Structures are given as structure tokens and as C-alpha cells.
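Commentary on secondary and tertiary structure
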Amino acid sequence: MLPIRMTKRLLLYIASLLLAMPMWAWHETVTVGAGLTQTLPTSVDSRVQSVADALGLTLLGWTPGEIADGQRPATYYGLGATVTPVAETTYYAMFARANSGGELIVRQCPSPADGDTVLLAIIQGTGCFVAPSGYTADMILNSQNASYYGSLMAHSVMSDNTFTWKIVARPDNKFYLQSAGTATYYMYISSSTVKCGASTPGEFTINNGFLYYPTSWKYLTFSKDASGYIHLSLGTGIAPKTHTFAFYRKERYVDFATTIGQLPGCANCFIYVP
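Residues numbered from 1 in each chain as written. Predicted model: local features only at pLDDT ≥ 70, side-chain atom pairs only at ≥ 80, totals over all residues. Heavy atoms only, no water.

1. A closer look at the packing of aromatic side chains
Test applied: Aromatic rings from Phe, Tyr and Trp, with only the six-membered ring used for Trp, were paired whenever their centres fell within 6.5 Å, and each pair was classed as stacked if the ring planes differed by under 30 degrees, edge-to-face if by over 60, and tilted otherwise. Exposure categories follow from relative accessible area, calculated using a 1.4 Å probe and restricted to protein chains: below 20% of the type maximum is buried, above 50% is exposed, and the middle band is partly exposed.
In this structure the tally under the stated criterion is ten aromatic pairs. Between phenylalanine 204 and tyrosine 213 the ring centres are 5.6 Å apart and the planes differ by 40°, which places this aromatic pair in the tilted class. Overall, tyrosine 213 belongs to the buried group, its relative accessible area being 9%. Ring centres 5.1 Å apart and planes at 85° place the aromatic pair phenylalanine 245 and phenylalanine 247 in the edge-to-face group. Note on accessibility: phenylalanine 245 and phenylalanine 247 belong to one class, buried. Members of the aromatic cluster, joined through ring pairs, are Tyr77, Tyr91 and Tyr149.

Have a look at this one:
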């Protein structure tokens, strides 16, 4: 057995070695050349993702620079966003922790819950169109191309109730789409036209990733009229192929980071990643 004095010295020596060792840190980057157009990845390496999961961090998107202060960066893009940088740029995977007191992020949500406030977005290539939630006898979609960044949307799009809807759960996984601005307005279908107003609400479901109207066994799709306006309309019983549909939801996050791996609150403690 080592003398007590020697044991203490040995422990102090081991501690000094640990302090001097480089910290495990994980990040992922994508570099895009000047003038090139590239779609940013929708995921990161499984080892990086496992660290994020262990730390309770969500992969939100990509930002053209490292985050050092934990604050939401001024410029960021969602997963699957298309970028064309003027100069060669390295994009860093951006993570953050969900927290009700955090910064507002408008993020794609595959399965919104009852009471959620959402956008209804039709996406065609790099174009994005959202459904207005005020009174309308014909649902003409509004272009949000400049605010669409893949899985993220500019948070200003949900700063008022112009395009926001509330999910109202119904039996059998159906739901109403209620106007967030006027509680008596709902989305409904009349003579194959999608409308919003004070009428009997339409019951919808999500089927194959699209809004579906089971009363008529048809999907909601988009169509362009002779004047170039984009309409949300009732389509056919076959899922659309020329575009996709997505809900976007208000969420809040803190602790934005591009480098992860250190356990919070423990300067020299690190998780083990097999």
C-alpha cells in the first residue's frame, strides 16, 4: 500500500495530467466553394449525433461560422437548405437545447400536437408558399422564398397571425385547422375549393406526408392559375409528386453551439462515446 502522502501526490499528478489533456469536442462542417450551389446535409455523422442526443441537444441546421457565446447566430440555415456563397464558406452544424424561455426558432415539425401554432407550407424545389389564415373564399398561397431555409423558416414569418393556424385535435387522428388570428375561422372545403372563414370546419389528416381530406378521399395540392397565382386546392386521391408539404412550428432554444461534447456544469467531465 502506498503511503498516504504519496497517494495524495499521485492523485494531484493525475489530476494535473487530466487538466492538461485536450478536451473531447465534436463538430461537423461542410465547405462550399465560391459561386457554387449546394444543398446542405439533413443529418450529421452518427457519432456526433449520439453526443448531441446524450447532451439533450437538437440538430437545428447550419451556420457560416463557429458559435462561441451560446447565442443564436445572425445567419443560419435549416437542414436541406440550398446555399450559393459568394466566397468559399465553411458551414458548421448548429445545435441547441429546447427551453421555453429561449430564442424563437420556426422549425419543420412532422407531427404537430393539439394546440400547436403552425404554418402550412407547400415546397416546390427551392420555392416555399404558405397558406394565409384570414378570411378567404379562395386559398391563394403567399411566397416565402426569401424566408425559407430548408427545415427552418425566418422567425419573422410567425411574428403575427397572417399565416398561422392552430391544430385542433379530432377523433381518429383527424384535426381541424383553426385560424390563429380569428378563433371563429376554420379551413374548410366547398365545391372543391379550399376556403377559410366562419363555416363548418373541414376535418383533415396527414397521409403520405400531405394534407388529406378524408370526406372526399383526396389530397390537398397546389395549382397555378392563368395569372400566375398559386392556389391551395383539392386534388385527387393520388399523393402529389411535383411538390412536398410541411408544417412549421414555433419552438424556443438556448445554448446554441457548433462544438459539443463537454458536459454542462462540469469543466473537465466528458461523456464516453463508444
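2. Overview of the pattern of salt bridges
For clarity, the cut-off: Any carboxyl oxygen of Asp or Glu that lies within 4 Å of a side-chain nitrogen of Lys or Arg is treated as forming a salt bridge with it. Here a helix means four or more residues in a row that DSSP labels H or I, a strand means two or more in a row labelled E, and each is numbered from the N terminus.
Inspection of every chain in the model, using the stated rule, returns eight salt bridges. Residue aspartate 255 is joined to arginine 97 by a salt bridge in which the shortest nitrogen-to-oxygen separation is 3.0 Å. Here aspartate 255 is found in strand S20 (residues 244–257), whereas its partner arginine 97 is found in strand S6 (residues 89–108), with 158 residues between them in sequence. Note on arginine 97: relative accessible area 24%, which makes it partly exposed. If you follow the salt bridges from partner to partner, you end up with Arg107, Asp116, Arg249 and Glu251 in one network.

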